[in-house]
Amino acid sequence: MISILRGSVVNVGLDHIDIVVGGIGFRVHVTPAYAQGAARDAELTVYTSMVVREDSMTLYGFESRDERDVFVKLLSVSGIGPKIALAALAVLRPDDLRRAVRDQDLPTLQRIPGVGKKSAQRMALEVGDKLGTPAALPGTESPSVAQSTEDTVAAEVSAALVGLGWSEAQAAKAIEKLSGSGLGASDMLRAALVTLGGGRG
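Residues numbered from 1 in each chain as written. Predicted model: local features only at pLDDT ≥ 70, side-chain atom pairs only at ≥ 80, totals over all residues. Heavy atoms only, no water.

1. Overview of unusual backbone geometry
One non-glycine residue, Asp41, adopts positive backbone phi at about 75 degrees. As for its placement among the helices and strands, Asp41 is situated in the loop between α1 (32-37) and β4 (43-53). Under the relative-accessibility criterion, Asp41 is labelled exposed at 62%. Despite not being glycine, Gln104 has its phi angle at roughly 55 degrees, a positive value. (Helix = DSSP H or I, 4+ residues; strand = E, 2+ residues; numbered from the N terminus. Buried < 20%, exposed > 50% of the residue type's maximum accessible area, 1.4 Å probe, protein only.)

Structure below.
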């Protein structure tokens, strides 16, 4: 696994840079903003993630370790590939993405090219708290805020379950059993699916 490259930039494209390290050239896919800021012949340190497929090995590069870690976590979401994960970091900073996921802010998530409403819902549910807490937001919440968050989580999980084929009544019953558990949307959805099993109505 190649995690960091430090070398000289020899070519800059719209969405990639070519960097030579120890006499070996690597093509690294980056956001357009990062590519525009990379000057030819400049020495550069790039944090990278290698995505291996049956027919390819592709390097994706980032300005910071935080961006790379966010990219890797986004790849864990079903339906989110490296192109969409990189696009997410092209339009949203890591903390903006954390806020959008934490607040279930679907309109913000839908600003990402290739992400529609269903993909945004899936991203918010499956990423959950994997990205950590935004630096500008406190880690603790008052009881009223916690209740509001719990209500929001329940609403999102209910919508996801209905979208998957269960009735609103079945979804409400499953969520009621998990009320007060303190689970995030991702974990609550998994628990509700286990509770419901295969019993679609």
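2. A few points about the pairing of strand β2 (residues 16-21)
Relative to β2, strand β1 (residues 4-12) runs antiparallel, the two sharing four bridges. Note on β2: the bridge partner recorded for Ser8 is Val20. The turn joining β1 and β2, which pair antiparallel and follow one another in sequence, is formed by three residues. Between β2 and strand β3 (residues 24-29), which pair antiparallel one after the other, the connecting turn spans two residues, and Gly22 there sits at a positive phi close to 60 degrees. (Pairing = 2+ DSSP bridges.)

3. Considerations on the UniProt feature "domain: Helix-hairpin-helix DNA-binding motif class" (unreviewed entry) in the chain
Following the UniProt record, one finds the feature "domain: Helix-hairpin-helix DNA-binding motif class" (unreviewed entry) at residues 72-91 and 107-126. Summarising residues 72-91: 65% helix, 0% strand, and an end-to-end C-alpha distance of 17 Å. Taken as a whole, residues 107-126 contains 65% helix and 0% strand, while its terminal C-alpha atoms sit 17 Å from one another. (UniProt positions renumbered as here; feature names shortened; annotations may be inferred.)

4. Digging into the sheet that holds β2
One closed barrel accounts for five strands, arranged β1-β2-β3-β5-β4; its pairing is mixed. When the angles between neighbouring strand axes are averaged without regard to direction, this sheet yields 55 degrees. Sheet topology note: the β1/β4 ladder contains five bridges and is antiparallel. The residue bridging Leu5 from the neighbouring strand is Val46, located in β4. In this fold helix α2 (residues 65-74) packs onto β1, β4 and β5 (56-62), with an angle of close to 10 degrees to the strand it touches most, β4. Contacting β3, β4 and β5, helix α3 (residues 82-91) crosses the sheet at an angle of about 10 degrees to β5. (Axes fitted to C-alpha atoms, helices over the stretch in contact; angles between N-to-C directions. Contact = heavy atoms within 4.5 Å.)

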